[in-house]
Amino acid sequence: MQVINQLKIEEPERKESFLEILSDKYCRSILEAIMDSPKSAIEVSREKIIPLSTVYRRIQQLHDSKMIRTSGVITDEGKRLFLYKSKIKAVNTSFHDGKIDVDVVFNQN
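This structure is a prediction, so every number in the text was calculated from the model and none was measured.

Colleague: Can you lay out helix 2 (residues 25-33) for me, pointing to particular residues and giving the numbers?
Modeller: Of the positions making up helix 2, those classed as buried are Cys27, Ser29, Ile30, Leu31 and Ala33. In this structure, the buried residues of helix 2 make contact with helix 1 (12-22), helix 3 (41-48), helix 4 (52-64), strand 2 (68-74), strand 3 (80-86) and strand 4 (88-96).

Okay, here's the thing in structure tokens:
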């Protein structure tokens, strides 16, 4: 039996922030790229054909909103490389009776 971690966002400001981030095509594309496996900003930039500076700005926005996790590795050349992974698997929204519901399904990986 698989248990899915899900959270209903109640705070109006947090809902607005989530929806604003998800309305950005670059943020959605980045989240899609790092949904199943961690990737560097350079890998995301190449895979999704997004300028690297845009990837870094959106990654900062996603990190500040706690939608991604960051880890680091040391390359064979001794350089530090940051990898990014989506904390969320899905976001379900509904609008009824003038109220917006936002439910976040967390990534299990």
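Colleague: Please provide a residue-by-residue account of the nonpolar core, values included.
Modeller: Among the nonpolar cores identified, the biggest contains 21 residues, and Phe18, Ile30, Val55, Ile59, Leu62, Met67 and Ile68 are the most heavily contacted of them. At the level of secondary structure, the elements contributing two or more residues to this core comprise helix 1, helix 2, helix 3, helix 4 and strand 5 (99-106). The element contributing the most residues to this core is helix 2, with 4 residues. In this structure, Ile68 is in contact with Leu31, Ile34, Ile59, Leu62, His63, Tyr84, Lys85, Ser86 and Lys87, ignoring residues within four places of it in sequence.

Cut-offs used in this document
In every chain, residue numbers begin from 1 and rise along the written sequence. Since the coordinates come from a predicted model, pLDDT governs what is reported: local features require at least 70, and pairs of side-chain atoms require 80 or more to be given and counted, while whole-chain, interface and lining totals use all residues. As a convention, hydrogens and water are excluded, and side-chain values are obtained from all of the structure's heavy atoms. Only protein chains enter the accessibility calculation, which uses a 1.4 Å probe; a residue is then buried when its area is under 20% of its type maximum, exposed when over 50%, and partly exposed in between. In this description a helix means any DSSP run of H or I spanning at least four residues, a strand means any run of E spanning at least two, and both kinds are numbered starting from the N terminus. For this analysis, residues touch if any pair of their heavy atoms sits within 4.5 Å. Throughout this description, the term nonpolar core refers to a set of buried Ala, Val, Leu, Ile, Met, Phe, Trp, Tyr and Cys residues connected via side-chain atoms within 4.5 Å.

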